[in-house]
Amino acid sequence: MIEGVIFDMDGLMFDTERIYGIYWRQVSAELGYPMDDEKVAYMCGATRDFQVSKFVEWFGGSVPADAIIEGCHERTRVHIAANPIPHKPGLIALLTALRERGIPAVIATGTARAWADDKLARSGVAEFVDAMVCGDEVTACKPDPEIFLKAAELIGVPPQDCIVLEDSFNGIVAAHTAGTQPIMIPDTMQPTDEIRALCDHVLTRLDEVIEFL
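This one's a predicted model, so the numbers in the text were calculated from it and none came from an experiment. (Residues numbered from 1 in each chain as written. Predicted model: local features only at pLDDT ≥ 70, side-chain atom pairs only at ≥ 80, totals over all residues. Heavy atoms only, no water.)

Enquirer: Hey, could you run me through the nonpolar core in this one?
Expert: Where a protein is soluble and globular, its nonpolar side chains tend to be buried together. Of all hydrophobic cores here, the largest spans 45 residues; its most connected members are Phe-7, Trp-24, Phe-55 and Leu-165. Looking at this core, the elements that each hand over two or more residues are β1 (4–7), α1 (17–30), α2 (37–43), α4 (65–81), α5 (91–101), β2 (105–108), α6 (113–123) and β4 (162–166). The residues touching Leu-165, leaving out its near neighbours within four places in the chain, are Val-5, Ile-6, Phe-7, Asp-8, Leu-12, Leu-94, Ile-183, Leu-206 and Val-209. With 18 residues, the next largest nonpolar core counts Ile-6, Ala-131, Ile-147 and Val-157 among its residues. (Core = buried A, V, L, I, M, F, W, Y, C linked by side-chain atoms within 4.5 Å. Buried < 20%, exposed > 50% of the residue type's maximum accessible area, 1.4 Å probe, protein only. Helix = DSSP H or I, 4+ residues; strand = E, 2+ residues; numbered from the N terminus. Contact = heavy atoms within 4.5 Å.)

Enquirer: Help me out: how do you make sense of the packing of aromatic side chains in this one?
Expert: Two descriptors summarise a pair of aromatic rings, namely the distance from one centre to the other and the angle between the planes of the rings. One pass over the full model with this rule turns up seven aromatic pairs. Judged by centre distance (6.2 Å) and plane angle (45°), the ring pair of Trp-24 and Phe-55 falls under tilted. With Trp-24 in helix α1 and Phe-55 in helix α3 (residues 48–59), the pair connects residues that are 31 residues apart, well separated along the chain. The same class applies to Trp-24 as to Phe-55, namely buried. Here Tyr-42 and Trp-58 contribute two aromatic rings whose centre-to-centre distance is 5.8 Å and whose plane-to-plane angle is 65°, an arrangement assigned as edge-to-face. Remark: Trp-58 occurs in helix α3 and Tyr-42 occurs in helix α2; sequence separation between them is 16 residues. Accessibility expressed as a relative area gives 32% for Tyr-42, which makes it partly exposed. An aromatic cluster is built from Trp-24, Tyr-33, Tyr-42, Phe-55, Trp-58 and Phe-59, whose rings are joined through pairwise contacts. Across the ring face of Tyr-42, the terminal group of Lys-54 is positioned such that the distance to the ring centre comes to 4.4 Å. In this arrangement the basic side chain of Lys-119 is found over the ring face of Trp-115, its NZ or CZ atom lying 4.4 Å from the centre. (Phe/Tyr/Trp six-rings, centres within 6.5 Å; stacked < 30°, edge-to-face > 60°. Lys NZ or Arg CZ within 6 Å of the ring centre and 35° of its normal.)

Enquirer: Looking at this structure, I do not really get α5. What am I missing?
Expert: Burial in α5 covers these residues: Leu-91, Leu-94, Leu-95, Ala-97 and Leu-98. The buried residues of α5 all sit within an arc of 160° when viewed along its axis, so they share a single face. Its buried side turned inward, α5 meets β1, β2 and β4. Downstream of α5 by one or two residues, Gly-102 has phi in the positive range, about 70°. (Arc of directions from axis to C-beta.)

Enquirer: How do you make sense of the environment of Arg-196 when you look at a structure like this?
Expert: On the secondary structure map, Arg-196 appears in helix α9 (residues 193–196). On the basis of relative accessible area, Arg-196 is assigned to the partly exposed category, the value being 42%. The sequence separation of Arg-196 and Ile-22 amounts to 174 residues, and the corresponding C-alpha distance is 26 Å. Apart from the residues lying within four places of it in its own chain, the contact partners of Arg-196 are Pro-191 and Val-202.

Enquirer: Quick question: what am I supposed to make of the side chain of Asp-167 here?
Expert: Inspection of the secondary structure puts Asp-167 in the loop between β4 and α8 (169–177). Buried charge Asp-167 goes without a salt bridge, the closest partner of opposite sign being Lys-142 at 6.9 Å. (Lys, Arg positive; Asp, Glu negative; His and termini not counted. Salt bridge = Lys/Arg side-chain N within 4 Å of Asp/Glu carboxyl O.)

Enquirer: When you look at the layout of surface pockets in this model, what are you seeing that I'm missing?
Expert: Where empty space is left becomes clear once a probe the size of a water molecule has been rolled over the atoms. The space that makes up the largest pocket amounts to roughly 490 Å³. If you trace the largest pocket, you find 26 residues lining it, with Ala-46, Gln-51, His-73, Gly-110 and Thr-111 closest to the centre. For the lining of the largest pocket, the secondary-structure elements that each account for two or more residues are α1, α3 and α4. Here the lining of the largest pocket is composed, by residue class, of ten nonpolar, nine polar and seven charged. For the second largest pocket, the calculated volume is near 250 Å³. What lines the second largest pocket is a set of 13 residues, and nearest its centre among them are Tyr-42, Phe-169, Asn-170, Val-173 and Ile-195. Listed by contribution, the elements that provide at least two residues to the lining of the second largest pocket are α2, α8 and α9. Among the residues forming the lining of the second largest pocket, the class breakdown is nine nonpolar, two polar and two charged. (1 Å grid on protein atoms, 1.4 Å probe; cavity = no way out; pocket = protein on both sides within 12 Å on 5 of 7 lines; lining within 4 Å. Points joined across faces, edges and corners; volume = space filled by probe spheres on them. Nonpolar A, V, L, I, M, F, W, Y, C, P; charged D, E, K, R; others polar.)

This is the structure in structure tokens:
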């Protein structure tokens, strides 16, 4: 039985991960540590500590990880602040269906609260969201399960009765570890066989989730 739906934000609700990807590639190349698609995928939905650890693993201890991360985030913030927040296909239809059925919708995003609030307010969907947990409100973010466990707690629903909707590899790992029902809706990266095995379903649009409610 589905009693709650937990949404990732960037790349799942909003078509923003492509913007991040542009600036991950741009800033890292400018600083002499170019990132390919596989490396960019590891950045999606991850904590800063996790991101730093991956940079060190890939490029060694002298890599200017903080400068790459700050540069990417700053350029992405400027871009998003100057443009409308683009919805992913089927978002409004799914949120409307949840509201009609009385199923709470909660966001679990690695984005810090201030920026997440701003994006949500400008997106036009805040009225559909019952709660939100942000990256600066947990001690460990995806791929750690803490953020999904806290999201389920906020709406008073056992994790096993929650669908988690994710586009990132880190998010699917976290959702599976939390004991939820993970559904992947790929954005910039298609699931590997390993990630697909952790998913209850892999869909192409958000409104396809309605049949599972």
